[in-house]
Each structure stands twice: as structure tokens, then as C-alpha cells.
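Residues per chain, in single letters:
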Amino acid sequence: MKGVTPQDPKQPAGRRGGQQAGPITRSGRSRLATTTDQRLLDSRGPNDWVHTDPWRVLRIQAEFVEGFGALAELGSAISVFGSARTRPDHPMYTTAQQVGKALVEAGYAVITGGGPGIMEAANRGASEADGVSVGLGIELPFESSLNEWVNLGINFRYFFARKTMFVKYSQGFVVMPGGFGTFDELFEALTLAQTSKVTNFPVVLFGTEYWQGLLDWLSGQVLDGGYIVPADLDRLVITDDVEHAVATMRAGAADVPSRGEQLLAEAEDRES
Ligand SMILES: C/C(=C\CNc1ncnc2c1ncn2[C@@H]1O[C@H](COP(=O)(O)O)[C@@H](O)[C@H]1O)CO
């Protein structure tokens, strides 16, 4: 080939120049028959390695990279959780829609699991109010896709990567009536707060009729048994009022700078 000096394998490595493979130089008998990108592009060969844990670790890493990349500029946001099964004709669907809208009007992006039911309703309210409507979807054994009201969507393979995004990018949770998935999200937030992994993190239980029983059990059986302390219940606010829910988010997240304040602080840092 023009411009390429033929290699003489009898010459010492230093004189005849080595074969570069990333940071590694190979020559003589250590030369490889193919280059790294030849091996990458050659799709033949066994493919069971895609089912191995080291490969999964890279996929998990990619989910964090994609999630952090997509959400880094989001600014103030609140996550709304609740049942995937609430139908559009249910009163709680309409209320969740109002919650989404009110959060946008208060300056927040709205984050949900991107699915149907309460998630769809909150995304719908946010989107109709011209706000940022985030859906953090999850791959499930049965077919599911992001609801049509999501305007910033990410689909996750791994629940734990997705759960990190909810907590990292929202300043509080509004928890509407739901089942196991909703309980999981609620109790994760409460555990992270109890162990001081998150601070200034308000949690609203929306729907007194639905949640009062749980709150009574927590402040009776669980507290009396010494399984939690009174302070563990401090951040839980129960309400039926959309404005109260939003005001609770505002009050709880008061110490968190808005995106505008963050940008201002970053600009000041650069100038100093
Ligand atoms: C059950 C059905 C679809 C499920 N699709 C989901 N898509 C996205 N997120 C989901 C889904 N199901 C549960 N979640 C998460 O858990 C919470 C709701 O769970 P619950 O058990 O229904 O309370 C929700 O906040 C999501 O983050 C078909 O209808």
C-alpha cells in the first residue's frame, strides 16, 4: 500500500516500528493478525457473551450515562407516582392531571414512570400546561410503551437505574393511590430520607381516604413497636388538595436552588 513501509519480522521491534493496538505496541511474533476495529466489525463468532454479567455491567453503566445525560439540565422537578391501572374516567385520573398542571405552573418539570394510569394523567396535565413532561419507562415482560403525553422520555431495562433517576432529579414526590409499584417508590423515598441519603425531600400522600389507613398503621403499630421514630413520619404530608400538595413541594424544596439560581452561581464561579 502506498506510504506504508513493509515490516520485516526479523528486525528488532524498536527498529521496524510496532503495531499499535490502543496504548499497546506489538511487533514480531506478538503482532496480531487483525486490528481492533476489524474484530469489532466482524460479526461472526459466538455471541453468548452478550448474556454475561460483565456485559450487563456495561449496559447498566450505559443506562446511568444516558439518564444523567438526558436529565442533567432538567432543573427543578417533582416525581408523581401512582397506579398504572387508574382509568381515564376515574376521578383520581383527573386529579392527577390537575397535579401535573399545577406543578408546571409552579415552575417544576413533572417526572413519572411514563406508563398508563396516574402516570399518564400527570404527564398529560404537565404537557397540556406546556411544561416538561418526563417519562422514565421500564422494560416489562409484557408490552408497554411511554404514554403519549411524555415529551422527554427514557426507557430503562433496569429498575434500579431508573429509580436512581427519580430520586436524583426530583426535589420531592407526590404519591397518588397505587399498588405495589407505588408502595415501592414511596418506601424507597422514606428509607432514603430516614438514612439521610436525601435531605429536604417532601413526600405527599395524595388522597386521604386511600392513604389514611397506612398512616394510622405507621403511626400506631409501627411507631409503637419502635420500628420507626416520630421524625421518620415528619416529612409525610397527607392531603386531598392540589394546591396544598404543590405548596408542600415548594416549602420542602426551598433550600434547593432553581435551575436559574444554579446557572447564576456557575457563572459567578467562572468569573471569580
Ligand atoms: C400494569 C400495566 C402497565 C405497567 N406499566 C408501567 N409502566 C411504567 N411504570 C410502571 C408500570 N407499572 C408500574 N410502574 C411503576 O410503579 C408505579 C405504579 O405501580 P402500581 O403497582 O400500579 O401502583 C408507577 O409509579 C411506576 O413508576 C398495564 O396497565
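By convention here, each chain's residues receive numbers from 1 onward along its written sequence. At least 70 in pLDDT is required for a residue's local features to be given in this predicted model, at least 80 for side-chain atom pairs to be given and counted, and no such filter applies to totals for whole chains, interfaces and linings, which use all residues. For the side-chain quantities, the full set of heavy atoms in the structure was used; hydrogens and water were omitted.

Regarding the sheet that holds strand E8 (residues 203-206)
Now for step 1: The pairing criterion for strands is at least two bridges between them, as found by DSSP. Where helices and strands are cited, they refer to DSSP runs of H or I of at least four residues and of E of at least two residues respectively, numbered from the N terminus. Strands sit in the order E6-E5-E4-E3-E7-E8-E9 across an open sheet of seven strands; the sheet is parallel. Bordering the open sheet on either side are strand E6 (152-156) and strand E9 (236-239), each of which pairs with just one other strand. Sheet twist, expressed as the mean angle between neighbouring strand axes with direction ignored, is 20 degrees.
Now for step 2: Judged from the three bridges that link them, strand E7 (residues 173-175) and E8 form a sheet pairing that is parallel. Note on method: axes are straight lines fitted to C-alpha atoms, helices fitted across the in-contact stretch only, with angles between N-to-C directions ranging 0 to 180 degrees.

Structural notes on unusual backbone geometry
Now for step 1: Not every positive phi belongs to a glycine, and Asp130 is a case in point at roughly 70 degrees.
Now for step 2: Mapped onto the elements, Asp130 comes out in the loop between helix H5 (118-128) and strand E5 (133-138).
Now for step 3: Residue Asp130 is classed as exposed on the basis of its relative accessible area, which comes to 72%.
Now for step 4: One non-glycine residue, Ser196, lies in positive phi territory at about 60 degrees.
Now for step 5: Tracing the sequence through the fold places Ser196 in the loop between helix H7 (180-194) and E8. Only protein chains enter the accessibility calculation, which uses a 1.4 Å probe; a residue whose area is less than 20% of its type maximum is buried, one above 50% is exposed, and one in between is partly exposed.

Some remarks on the packing of aromatic side chains
Now for step 1: Working definition: a ring pair exists when centres of Phe, Tyr or Trp rings (six-membered ring for Trp) sit within 6.5 Å. Plane angles under 30 degrees give stacked, over 60 give edge-to-face, the rest tilted. Within this structure, the stated rule accounts for ten aromatic pairs.
Now for step 2: Measuring from centroid to centroid gives 4.7 Å for Phe173 and Phe201, while their planes differ by 85 degrees, and the two rings are edge-to-face. Pair noted here: Phe173 is in strand E7 and Phe201 is in the loop between H7 and E8, with a separation of 28 residues, a long-range link.
Now for step 3: Relative accessible area serves as the criterion here: at 2%, Phe173 is assigned to the buried category.
Now for step 4: Centroid distance Phe180 to Phe183: 6.4 Å. Interplanar angle 55 degrees. Geometry classified as tilted. Taken as a pair, Phe180 and Phe183 lie in helix H7 at a separation of three residues, close to a single helical turn.
Now for step 5: Of the aromatic side chains, those joined through ring pairs into one cluster are Phe81, Phe166, Phe173 and Phe201.
Now for step 6: Charge-over-ring placement is defined geometrically: NZ (Lys) or CZ (Arg) within 6 Å of the ring centre, and within 35 degrees of the ring normal. The cationic tip of Lys168 hangs over the ring face of Phe68; the distance from NZ or CZ to the ring centre is 5.4 Å.

Brief notes about helix H3 (residues 53-71)
Now for step 1: For a helix, the expected span equals 1.5 Å multiplied by the number of residues minus one. For H3, built from 19 residues, the straight-helix expectation of 27 Å at 1.5 Å per residue is met to within 8% by its first-to-last C-alpha distance of 27 Å.
Now for step 2: For H3, the complete set of buried residues consists of Ile60, Glu63, Gly67 and Leu71. Across the axial projection of H3, the buried residues extend over an arc of 50 degrees, all falling on one side. Projecting away from the buried face of H3 at angles above 90 degrees are the exposed residues Pro54, Val65, Glu66 and Gly69.
Now for step 3: In what follows, residue pairs with any heavy atoms lying within 4.5 Å of each other are defined as contacts. Taken together, the buried residues of H3 touch E5, E6 and helix H6 (159-169). The directions considered for the arc run from the helix axis to the C-beta atoms.

Overview of the pairing of strand E4 (residues 109-112)
Now for step 1: The alternating pattern of E4 places Ala109 and Ile111 on one face and Val110 and Thr112 on the opposite face, and all of these are buried.
Now for step 2: Where strand E3 (residues 77-81) lies against E4, three bridges are found, and the strand directions are parallel. Within E4, the position partnered with Ser79 by the bridge is Ile111.
Now for step 3: A crossover gets the label right-handed when its path from the first strand over the helix to the second runs clockwise, viewed with the strands pointing away from the viewer. With helix H4 (residues 91-105) bridging E3 and its parallel neighbour E4, the resulting β-α-β unit is right-handed.

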